[in-house]
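The residues making up each chain are set out below.
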Amino acid sequence: MNRLPNSASALACTAHALNLIEKQTLSHEEMKALNREVIDYFQQHVNPGFLEYRKSVTAGGDYGAVEWQAGGLNTLVDTQGQEFLDCLGGFGIFNVGHRNPTVVSAVQNQLAKQPLHSQELLDPLRAMLAKTLATLTPGKLKYSFFCNSGTESVEAALKLAKAYQAPRGRYTFVAATGAFHGKSLGALSATAKAAFRKPFMPLLPGFRHVPYGDIEAMRELFTECRKTGDDIAGVILEPIQGEGGVILPPPGYLPAVRQLCDEFGALLIFDEVQTGMGRTGKMFACEHENVHPDILCLAKALGGGVMPIGATVATAEVFSVLFDNPFLHTTTFGGNPLACAAALATIHVLLEENLPQQAEQKGNMLLDGFRQLALEFPELVVEARGQGMLMAIEFTNNEIGYQFASEMFRQHVLVAGTLNNAKTIRIEPPLTLTIEQCEQVLSAARKAMESLCVARSKAATAEENESL
Ligand SMILES: *Cc1c(COP(=O)(O)O)cnc(C)c1O
């Protein structure tokens, strides 16, 4: 008889996992066994590097925690039943909180009806979401392409801009240093961090980076590129850099970029994957300065923390390059009914509960608190900055940043660094955070800084004693 050892073992794995998914709670033994298994499988089959990373940001060389479920709207719970206040917001995906009931219910209703589309008939929720985004987004943005991530939304934006500009003889793209646009080969060409790019060189030709916030540098590049025939096809920018460490451009920068693009016939792409959906105190961050892009990239919070979805929204003029052949750029799962249901419900909640405005108010309260701490602990903190609920505390070095995150973790508040800037810790909670929870975050941050100071002065004394 044929033995099928692989299929038998894989079947045991799936049975075990399905059993786990069904469980609402774990006994102490089950919890311990699960934690051991998870660590083992990360080591053997996911990537041991993640375990090293968890150790580095967790007190006492521990791995930290294995997560189990969403807690309340603004918390998550690990397998040991410890509840964490989420001030990381999944890098900005939980704008409407965890398991927001309106979003969950829309997705459940759609799941019962039809989770994925036929690919052949006209799917109604895609139509509804595209119409909603055309209404919601600023300026002349009108047509939407749907995909499954921020990276894919950037990829689509770049391809749209290329297709639009190729007949016009413009091939060069401008991005900013510190930028993060994703890690596929196209998006990575716009992303600016050397460590992420170096192993994959050469990337797409024609990408240039200029210092973020420096309009003169950008104007010079435009001018020089025109001289050499490398005319600019498009500029891609985050209205506030997220992974770069929450960097706000100087006032007037974004309008000046818009003007420059118009002058040279270049397209302006705003990557609002992280800043969009109310995060910064407006529905879209570009609305702070009333600057309208030709192409807008959305993802992260668009799916309400329930489904992955990305969108690339463009003006009719730009998007029309896809009219003749709508199959020119497609993806199977993009704009599927579950994802569209989640996005529609998310936008509904953001609007109905005025969450962008709440983000502004609570963000101001938190930022005032962090700025006060920056004044009180100048040996630890360089500055606190942000807009709305997209905030960062920049520490004097990477080590202090890690220690702060680890102290916060001990107090059950989840924060983390940014991908392009390790000494900067981001504070990016759900916009649904309550005032009491804001106060809790501030008092945890104060305690964390106090204990970092104590640890530092102890270390200094020990060093002195040694040198005596
Ligand atoms: C996170 C992020 C991306 C990439 O999105 P993924 O969903 O991780 O692919 C792109 N741009 C910005 C500004 C981001 O913050």
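Residues numbered from 1 in each chain as written. Predicted model: local features only at pLDDT ≥ 70, side-chain atom pairs only at ≥ 80, totals over all residues. Heavy atoms only, no water.

Quick word on the site of the ligand
Near the ligand you find Ser-149, Gly-150, Thr-151, Phe-180, His-181, Gly-182, Glu-238, Asp-271, Val-273, Gln-274 and Lys-300, and these make up its full shell. Here a nitrogen atom of the ligand and a side-chain polar atom of Asp-271 are 2.6 Å apart. At a separation of 2.7 Å, an oxygen atom of the ligand approaches a polar side-chain atom of Lys-300. Among the residues making up the shell around the ligand, the classes are represented as two nonpolar, six polar and three charged. (Near = heavy atom within 4 Å. Polar contact = N/O pair within 3.5 Å; in protein donor to acceptor, adjacent residues only side chain to side chain. Nonpolar A, V, L, I, M, F, W, Y, C, P; charged D, E, K, R; others polar.)

Examining the layout of surface pockets
Of the pockets and cavities examined, the second largest pocket occupies roughly 900 Å³. If you go around the second largest pocket, you meet 24 residues; those closest to its centre are Asp-123, Arg-126, Pro-326, Phe-327 and Thr-330. Taken together, the elements giving at least two residues each to the lining of the second largest pocket come down to helix H6 (124-136) and strand S4 (141-147). Here the lining of the second largest pocket is built from residues that sort into twelve nonpolar, eight polar and four charged. (1 Å grid on protein atoms, 1.4 Å probe; cavity = no way out; pocket = protein on both sides within 12 Å on 5 of 7 lines; lining within 4 Å. Points joined across faces, edges and corners; volume = space filled by probe spheres on them. Helix = DSSP H or I, 4+ residues; strand = E, 2+ residues; numbered from the N terminus.)

Some details on the UniProt feature "modified residue: N6-(pyridoxal phosphate)lysine" (unreviewed entry) in the protein
Feature annotation in UniProt places "modified residue: N6-(pyridoxal phosphate)lysine" (unreviewed entry) on Lys-300, given in this structure's numbering. Not counting the four nearest positions on each side in its chain, Lys-300 is found in contact with Phe-91, Gly-92, Ile-93, Glu-243, Val-273, Gln-274 and Ile-309. (UniProt positions renumbered as here; feature names shortened; annotations may be inferred. Contact = heavy atoms within 4.5 Å.)

Brief notes about the pattern of salt bridges
Scanning the entire structure with this criterion turns up 14 salt bridges. Between Arg-446 and Glu-376 there is a salt bridge, with the nearest N and O atoms lying 2.8 Å from each other. One end of the pair, Arg-446, is in helix H16 (residues 435-467); the other, Glu-376, is in helix H14 (residues 355-376), with 70 residues separating them in the sequence. What emerges from the salt-bridge pattern is a single network uniting Glu-383, Arg-385, Glu-394 and Lys-423. (Salt bridge = Lys/Arg side-chain N within 4 Å of Asp/Glu carboxyl O.)

Describing the nonpolar core
Counting 90 residues, the largest nonpolar core has Met-218, Phe-222, Val-235, Leu-237, Phe-370 and Phe-404 as its most contacted members. Considering each element in turn, this core owes the most residues, ten residues, to helix H13 (residues 337-352). Of the residues that make up this core, three or more belong to each of domain 1 (102-352) and domain 2 (355-467). The contacts of Phe-404, once residues within four sequence positions are left out, are Ile-393, Phe-395, Val-415, Ile-425, Ala-445, Ala-448, Met-449 and Leu-452. Among the nonpolar cores identified, the runner-up in size contains 26 residues, and Tyr-164, Ala-233, Cys-297 and Leu-322 belong to it. (Core = buried A, V, L, I, M, F, W, Y, C linked by side-chain atoms within 4.5 Å. Buried < 20%, exposed > 50% of the residue type's maximum accessible area, 1.4 Å probe, protein only. Domains from an automatic or database assignment.)

So, the UniProt feature "binding site: pyridoxal 5'-phosphate" (unreviewed entry) in the protein
When the UniProt feature table is mapped onto this chain, "binding site: pyridoxal 5'-phosphate" (unreviewed entry) is found at Gly-150, Thr-151, Gln-274 and Thr-332. In sequence the annotated residues extend across 183 residues, and in space they extend as well, their farthest C-alpha pair lying 23.8 Å apart. Lining the second largest pocket, from the set of annotated residues above, are Thr-332. Its location among the elements puts Gly-150 in helix H7 (residues 150-165). Once residues within four sequence positions are removed from consideration, Gly-150 is found in contact with Val-273 and Ala-299. Assessed through its relative accessible area of 22%, Thr-151 is described here as partly exposed.

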